[in-house]
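# Summary of structural features
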Amino acid sequence: PVFYDGKCYLTREPLPGTTGSGGSIWSSLLSQLQMVIPNKTFVLAPLAVGNTRIQDWVKSGGELHSRLLEHLQLVKSSHLKVSAIIWQQGEADAIAGTAAADYKRDLMTLRQIINAAGINAPVFIAKSTYCHGVSSPAIHRAIEAAIIIDRSLMAGADTDTLGKEFRYDDCHFSQLGAVQAAGLWSVRLANYWKNEARKVP
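Residues numbered from 1 in each chain as written. Predicted model: local features only at pLDDT ≥ 70, side-chain atom pairs only at ≥ 80, totals over all residues. Heavy atoms only, no water.

### Details of the packing of aromatic side chains
Applying the stated criterion across every chain yields a total of 3 aromatic pairs. Taking the centre distance of 5.1 Å and the plane angle of 75° together, the rings of Phe 124 and Tyr 192 count as edge-to-face. On the criterion of sequence distance, the pair formed by Phe 124 in strand 4 (residues 123-127) and Tyr 192 in helix 7 (residues 175-199) is long-range, its members being 68 residues apart. The buried category is assigned to Phe 124, whose relative accessible area is 0%. Above the ring of Trp 193, the side-chain terminus of Lys 40 is found at 4.5 Å from the ring centroid. (Phe/Tyr/Trp six-rings, centres within 6.5 Å; stacked < 30°, edge-to-face > 60°. Helix = DSSP H or I, 4+ residues; strand = E, 2+ residues; numbered from the N terminus. Buried < 20%, exposed > 50% of the residue type's maximum accessible area, 1.4 Å probe, protein only. Lys NZ or Arg CZ within 6 Å of the ring centre and 35° of its normal.)

Shown next, in the form of structure tokens:
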């Protein structure tokens, strides 16, 4: 199921809360997680807008910042258990040449925004900067630095490892690319949850 705007929906593309008319990683991720961890029910609460920079989400007063705050409050008030937050973004910042220091600062601000909403789940950050054969080493460095500073920020899927053969326009994922990206996320999240379960006495 999918949670959006205070309601639950059946999973079908395009997912509510996302832009675009094609398929996405997330439906495939739900299916793959259900196969890997069959005794657990997963609910996705998506909020995704294409061609956006991280600053669009964290800068106070902006439209996307307001949408993020509202979304977080709705998720919090739903009493759903938030096990993980996925941050899959970076291509627009790579194209814009966002500096490592600026991206790291904005990641830390994102964590503060989520904390202020009363959600303390770990934030898994993708390396997702590939477009037209180029990735952003600066954003990669920013993510690596942020993870060291704040242990509630964690390495997510490295979808930059999926090259042009997985992109229909050498930037956006093809259907095969979306399945492959979902597989990277499924492995990362399942391993994390299994390790956390082992820590419980």
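### Side note on the pattern of salt bridges
Inspection of every chain in the model, using the stated rule, returns 4 salt bridges. Asp 102 is the partner of Arg 105 in a salt bridge, and the nearest nitrogen-oxygen pair spans 3.2 Å. Separated by 3 residues within a single helix, Arg 105 and Asp 102 lie in helix 5 (residues 100-116), roughly one turn from each other. Residue Arg 105 is classed as partly exposed on the basis of its relative accessible area, which comes to 41%. Asp 106 is paired through a salt bridge with Arg 105; the nearest N and O atoms lie 3.2 Å apart. If you follow the salt bridges from partner to partner, you end up with Asp 102, Arg 105 and Asp 106 in one network. (Salt bridge = Lys/Arg side-chain N within 4 Å of Asp/Glu carboxyl O.)

Honestly, that's just the spatial picture; any functional story needs more than this.
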